[in-house]
Amino acid sequence: MAELTRRMASLSDVQGIWGLLRQVSSDIPFKVEDELQQESLLSELMACCTSGLSPVLVDNEKGIVGALLARRDDFEWGFRNSEAIHVAYAAVAPAVREDKVFPALLGELQDKKVPLLASVKNGEQLGFAAALGELGFTHEVKAESGWGDLYQWTPPASVHN
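Residues numbered from 1 in each chain as written. Predicted model: local features only at pLDDT ≥ 70, side-chain atom pairs only at ≥ 80, totals over all residues. Heavy atoms only, no water.

Caption draft 1: Main features of the pairing of strand S5 (residues 116–121). Burial analysis of S5 places six of its six residues in the buried class, the great majority of the element. A two-sided burial pattern is seen for S5, the buried positions comprising Leu116, Ala118 and Val120 on one face and Leu117, Ser119 and Lys121 on the other. Inspection of the sheet shows strand S4 (residues 85–92) paired to S5 by three bridges, in the parallel sense. Along S5, the bridge assignment pairs His86 with Leu117. (Buried < 20%, exposed > 50% of the residue type's maximum accessible area, 1.4 Å probe, protein only. Helix = DSSP H or I, 4+ residues; strand = E, 2+ residues; numbered from the N terminus. Pairing = 2+ DSSP bridges.)

Caption draft 2: Structural detail: the sheet that holds strand S7 (residues 148–153). Across the sheet, seven strands lie side by side as S1-S2-S3-S4-S5-S7-S6; this open sheet has mixed pairing. The sheet is open, and its two borders are formed by strand S1 (5–8) and strand S6 (138–142), each paired with just one other strand. Going from strand to strand, the sheet's axes swing by 25° on average, the running direction of each strand aside. In this structure, S6 lies alongside S7, joined through four bridges in antiparallel fashion. For His139, the partnering residue across the bridge sits in S7 and is Tyr151. Lying over the sheet, helix H2 (residues 35–49) contacts strand S3 (64–72) and S4, oriented at roughly 80° with respect to S3. Helix H4 (residues 101–110) rests against S1, strand S2 (55–58), S3, S4, S5 and S7 of the sheet, and its axis sits at about 30° to S3. (Axes fitted to C-alpha atoms, helices over the stretch in contact; angles between N-to-C directions. Contact = heavy atoms within 4.5 Å.)

Caption draft 3: Region of interest: the environment of Phe137. Structurally, Phe137 is set in the loop between helix H5 (128–134) and S6. Residue Phe137 is classed as buried on the basis of its relative accessible area, which comes to 6%. In contact with Phe137, other than residues within four places in its own chain, are Leu106, Gln110, Leu116, Ala118, Leu132, Tyr151, Gln152 and Trp153.

Caption draft 4: How the structure looks around the environment of Val120. You can see Val120 is positioned in strand S5. Given a relative accessible area of 8%, Val120 falls into the buried group. It is 9.6 Å that separates the C-alpha atoms of Val120 and Lys142, two residues lying 22 residues apart in sequence.

Have a look at this one:
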């Protein structure tokens, strides 16, 4: 097993994450050949890489093998003044899928002790929904449009003595 390093993505990671997304596009899923879907995903990728909230896993060769595209949730921020984070996409390279990648990446966000939202696209084949359930996320909404499902995690209330 390769040694994996966890860190937050930056703008310099756009190309590496884009390569990973294209590699696992059928598992996410998104249609690589659809220019509109590419444009939408690239816009989200840019926003997430500059948010300081998108954890990535890097292998020994400094290649990105896992990523959560995350940023402040616009609705929660704008209407509720909440610091909730929304994970819009998750991607994991085939070589590391059995290495508890999702718990490592999500743990990075759960450590922030703010509400987390995660979108799971219809047809997702990476096991992201199962990983969310194992980490205490609850299924909130099934999208009727076919876009995907929304999961939520709320940090435990702190105990003051």
